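Fold and geometry: a report
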Amino acid sequence: MRLWGRAAVIRRSLLPLWLLLLGLVLLTLALSALFNLDRDHTPQKPGPSRRPLQRIPTLPDPEVILDPRDLTLEELGVEDTAPLKSLKEDQLLFVQGTSSLQKKRTYKVLLPGSSKDNSVVLEPPTRTETGKAGLLQLESSGRDTELVAAQTYGFDEMISETISLHRRLPEARHPGCLDVQYSEILPLASVIICFHDEAWSTLLRTVHSVLDTVPKQYLQEVILVDDLSQKAHLKTALSEYVSHLDGARLVRSTRRIGVGGCRTLGASRAVGEVVVFMDSHCECQDGWLEPLLERITQDRTRVVSPIIDMIDGNTFQYNATQWPVRGVFDWKLDFHWESNPELQDQDPEVAVQPIQSPVLGGAVLAVDRHFFQSVGAYDPGMLLWGAEQIELSIRVWLCGGSMEVVPCSRVAHLSYHYLPYRFPDQDLLQRNKIRIADTWMDGYRKIYYRRDTLAHFIRQSESPTIAERLKLKRSLGCRNFHWFLTIVYPQLYIPQDRPALSGELYSVGTGHCVDYPQGQGLQRRVMTVAPCSGTGSQHCDLNSEGEVRWGPMGALCLDAKGGRAVLSPCPTRQPTPRRLQWRFIKLSGQLVHQQSQLCLEAMKEGGEDNINTSTGGLFLRQCARHPRQQFHFEQLVAPKGA
């Protein structure tokens, strides 16, 4: 009994200690529950956009490689940026592929904030497998969404989302291309795809199109370079997707560096002997790469391009470009594709033979990596977007290389309805062209400035920083621009721009300038009068042959047809016919048609005296001293220089 009493006393003395321990445990549990509740209610960052993202549970997180050998953007011509090795994910990084995607898998999309029960499993789209147009049947709300998508990207993204990422294009090559034998050993290529806020479907269709059409023995890698995209789907979702693509890498830039800077950055990380620059909205034909590699293997100073076919931005219909075609530019330094199908009719072998081109478009270019670097890569002073392909083409020609279009290679490029980007400097295109004119065009730059008066006034107020490019020009021993016009592009008309016989053709009687309405097409080139623009777009040139040359290329001549003034193609390498010859009488201001000896007369819309002129325009009338037959040329600017 005595022992039992002692035990009871001990139990009573330990009871407060047990109660204290129990209280501590309950307090700990309460604090833990409160902490978890706060964490569950903390606002989460928005997830990636609703795009097809493959989930492979057994794979580790994407491998992020920060190579200390990376160049800095300052070395690429971009200032005020940190070295690449100090940057973190979503600034400037490499995401390297670790395994191959299984094409037969489904794409699982976990919507942000949803549970597993709300997840959506989608099969990869399989519509329009052979490049045919897509069609959506939409209610009014769907059409509103489609309009927003078109305004965001410049094309119908909703149609694009219904098309397979592995779409194959119909065969469009000449039958002779299928029999061409290429070298057994060709150099490996690195395909560099730069993008800024690109739509998910078009970007990945470009990547898969390359992977699906290039034999592995010729493809070193695909490098995607993100030029500071802001769209959510191009962040973590894209990083994870690319990490599962065999042979693909992702590079991100900390700031917007534009097309040229982006491609130069990609080339600096490339390993392949040949770099292929490709826009982020392309689709490739089978066998497109081998012909390009063959031409570069034969001459490492060649820069080559495939035939660029078109994909309609409304329907995503594939449209093959008719060969032969080459790239050219006009005196406003605007790029054009020029078709000459008659050449193939004269020589059937042209169908499979590459042709030299004064310039190449920027959609797809292939070049030996070492030659690209030695010739100066892309000009780091070119701003964001515009005319960089013209600058590169002129420089390659003048500094020892050549440019070619290869007909047995075809890549389709998506046609924008409009450029969806907004640039901080609306004059950046003129600034890029000023760099081209002042660096490479010598005394011929005056012709450009007379046709782009905004560029002239910008140049008057500030000089481009081109000392390094001029130093490169001297070190490479580059030729002058006269050689380019004589040997490479002799078809480009060189305006005489004589004083008092060139400029805007001003009508004294109407107070307007002679103009050509841009929207009426090539079949009806009827001249009219319109308010003087003062931009150089109405510039014309009365040359010593009596031709009134019109337009930035000077390829159209003032003609007379049915009593009206119209535009007709100017003759090339043959005498000027009388119907295209005019004589300007400075004393009276009359412009006399040599063949009919009638005078040019300007009428405003709703003109007087004749019901046939109620639409306004330029007519041929008996010469009379009347203000409507009085004209004079106004040169808007007087560019300095040799």
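Each chain has its residues counted from 1, following the order in which its sequence is written. Predicted model: local features are reported for residues with pLDDT of at least 70 only, side-chain atom pairs are reported and counted for 80 or more only, and whole-chain, interface and lining totals are derived from all residues. The side-chain figures draw on all heavy atoms in the structure; neither hydrogens nor water molecules are used.

1. Notes on the nonpolar core
Soluble globular proteins tend to pack their nonpolar side chains together in the buried interior. Take the buried Ala, Val, Leu, Ile, Met, Phe, Trp, Tyr and Cys residues and link them wherever side-chain atoms come within 4.5 Å; each set so joined is a nonpolar core. Relative accessibility under 20% of the residue-type maximum defines a buried residue, over 50% an exposed one, and the middle range a partly exposed one, all with a 1.4 Å probe and only protein chains included. Among the nonpolar cores identified, the biggest contains 59 residues, and I192, F277, F329, I394 and F484 are the most heavily contacted of them. Helix and strand definitions follow DSSP, with helices as H or I runs of at least four residues and strands as E runs of at least two, each counted in order from the N terminus. Considering every element that reaches this core, the biggest residue donor is helix α10 (residues 388-398), with 6 residues. If we ignore the near neighbours within four places in the chain, the residues touching I394 are F329, I436, W440, F481 and F484. Of all hydrophobic cores here, the second largest spans 41 residues; its members include V191, A237, V242 and V304. Contacts between residues were defined by any pair of non-hydrogen atoms, one from each residue, lying within 4.5 Å.

2. Quick word on the packing of helix α4 (residues 200-213) against helix α5 (residues 236-243)
When two helices pack together, their arrangement is given by the angle between their axes and by how far apart the axes lie. Helix axes are fitted to C-alpha atoms over the stretch in contact, other axes to C-alpha atoms as well, and angles between N-to-C directions run from 0 to 180 degrees. Interhelical geometry of α4 versus α5 gives an angle of 20° and a closest axis separation of 13 Å. When the interaxial angle is binned, α4 and α5 end up roughly parallel. The two elements α4 and α5 meet at a crossing, and its hand is right-handed. On α5, the residues touching W200, L203, L204 and H208 of α4 are A237, L238 and Y241. Partitioned by chemical class, the residues of the contact of α4 with α5 number 6 nonpolar, 1 polar and no charged. Every angle not falling under 35 degrees, over 145, or within 65 to 115 is termed oblique; those three ranges are roughly parallel, roughly antiparallel and roughly perpendicular. Two helices that cross are described as forming a left-handed crossing if the nearer one is turned anticlockwise from the farther one by less than a right angle, and a right-handed crossing if clockwise. Three classes are used, and their members are as follows: Ala, Val, Leu, Ile, Met, Phe, Trp, Tyr, Cys and Pro are nonpolar, Asp, Glu, Lys and Arg are charged, and the others, Gly among them, are polar.

3. What to know about the environment of S229
Tracing the sequence through the fold places S229 in the loop between β6 (219-226) and α5. Judged by its relative accessible area of 0%, S229 falls in the buried class. Considering only alpha carbons, one finds S229 and R252, 23 residues apart in sequence, at a separation of 8.8 Å. Here S229 is in contact with F195, H196, D197, L234 and K235, once residues within four sequence places are set aside. Within polar-contact distance, the side chain of S229 engages the backbone nitrogen of D197 at 2.8 Å. For this analysis, a polar contact is any N or O atom pair within 3.5 Å, provided that within protein one partner can donate a hydrogen and the other can accept it, and provided that sequence-adjacent residues contribute only side-chain to side-chain pairs.

4. Some points on the pairing of strand β7 (residues 248-252)
Of all the 5 residues making up β7, 5 are buried; the element is thus mostly covered by neighbouring parts of the structure. Of the two faces of β7, the one holding A248, L250 and R252 and the one holding R249 and V251 are both buried throughout. Each pair of strands is called paired provided DSSP finds at least two bridges between the two strands. Sheet analysis places β6 next to β7, joined by 5 bridges and oriented parallel. In the strand pairing of β7, V225 is matched with V251. Tracing the backbone out of β6, into α5 and back to the parallel element β7 gives a crossover that is right-handed. Look down the strands so they point away from you; if going from the first strand over the helix to the second traces a clockwise path, that crossover is right-handed.

5. Examining the state of the cysteines
By convention in this document, the label disulfide applies to cysteine sulfur atom pairs within 2.5 Å. If you walk through the whole model with that rule in mind, you get 5 disulfides. The disulfide partner of C399 is C478, and the gap between their sulfur atoms is 1.9 Å. Because the torsion about its S-S bond is 105°, the bridge between C399 and C478 counts as right-handed. With a gap of 79 residues between them, C399 in the loop between α10 and β16 (402-414) and C478 in the loop between α14 (467-475) and α15 (481-488) connect regions that are remote in the sequence. In terms of burial, C399 and C478 fall into one category: buried. The disulfide bridge from C599 ends at C623, spanning 2.0 Å between sulfur atoms. Across the S-S bond of C599 and C623 the torsion is about 95°, and the bridge reads as right-handed. Of this pair, C599 sits in strand β26 (residues 599-603) while C623 is found in the loop between β27 (617-621) and β28 (631-634), placing the two residues 24 residues apart along the sequence. By relative accessible area, which is 0% here, C599 ends up buried. Judged by its relative accessible area of 39%, C623 falls in the partly exposed class. Numbered in order of appearance, the disulfide-bonded cysteines of the chain are paired 1-3, 2-4, 5-6, 7-8, 9-10. Of the cysteine sulfurs around C282, a residue in no disulfide, the closest is that of C284, at 6.8 Å.

6. Quick look at a nonpolar patch on the surface
Patch membership needs two things, relative accessible area over 30% and no salt bridge, and members are linked within 9 Å if like-charged or within 5 Å if nonpolar (Val, Leu, Ile, Met, Phe, Trp, Tyr). Per-residue accessibility takes into account occlusion by the displayed protein chains alone, with areas from the Shrake-Rupley method and a 1.4 Å probe. When a carboxyl oxygen of Asp or Glu lies within 4 Å of a side-chain nitrogen of Lys or Arg, that pair is called a salt bridge. A contiguous nonpolar surface patch, about 590 Å² in accessible area, is contributed by L15, L19, L22, V25, L26 and L29. Topologically, V25 is positioned in helix α1 (residues 2-40). Overall, V25 belongs to the partly exposed group, its relative accessible area being 47%.

7. Comments concerning the packing of aromatic side chains
Two rings belonging to Phe, Tyr or Trp (six-membered ring only in the last case) form a pair when the distance between their centres is within 6.5 Å. Interplanar angles under 30 degrees mark stacking, angles over 60 mark edge-to-face geometry, and anything in between is tilted. Scanning the model with the defined rule gives 11 aromatic pairs in all. Relative to Y241, the ring of W200 lies with its centre 5.6 Å away and its plane at 85°, an arrangement referred to as edge-to-face. In this pair, W200 is assigned in helix α4 and Y241 in helix α5, connecting sequence segments 41 residues apart. On the basis of relative accessible area, Y241 is assigned to the buried category, the value being 2%. Both rings, one in F277 and one in Y378, keep their centres 5.7 Å apart while their planes meet at 70°; by these two values the pair is edge-to-face. Pair noted here: F277 is in strand β8 (residues 274-278) and Y378 is in the loop between α9 (369-374) and α10, with a separation of 101 residues, a long-range link.

8. Looking at the environment of L485
Inspection of the secondary structure puts L485 in helix α15. Here the alpha-carbon distance between L485 and P358, two residues 127 residues apart in the chain, equals 9.4 Å. Ignoring anything within four residues of it in the chain, the contact list for L485 reads W331, Y444, P490, L492 and I494.

9. As for the environment of V222
With respect to the helices and strands, V222 occurs in strand β6. Leave out the neighbours within four places in its chain, and V222 touches V191, I193, V210, L211, G247, A248 and R249.

10. So, the side chain of D330
Here D330 shows up in the loop between β12 (325-329) and β13 (335-339). Buried charged residue D330 carries no salt bridge. Nearest counter-charge: K433, at 6.3 Å. In summary, the charge assignment counts Lys and Arg as positive and Asp and Glu as negative, without counting His or the chain termini.

11. Points about the pattern of salt bridges
Scanning the model with the defined rule gives 25 salt bridges in all. With a shortest N-O distance of 3.0 Å, D227 and R256 are connected by a salt bridge. One end of the pair, D227, is in the loop between β6 and α5; the other, R256, is in the loop between β7 and α6 (258-269), and 29 residues separate them in sequence. In this structure, E547 engages R549 in a salt bridge whose closest nitrogen and oxygen atoms are separated by 2.9 Å. Taken individually, E547 and R549 each receive the classification buried, so the pair is uniform in this respect. Taken together, the shared-partner salt bridges connect E273, R300 and D368 into one network.

12. Here's the deal with unusual backbone geometry
Residue P324 follows W323 across a cis peptide bond; omega there is 5°. Relative to the helices and strands, P324 resides in the loop between β11 (318-319) and β12. A positive phi angle, close to 70°, is found at A387, a residue other than glycine. Position of A387 relative to the elements: it lies in the loop between α9 and α10.

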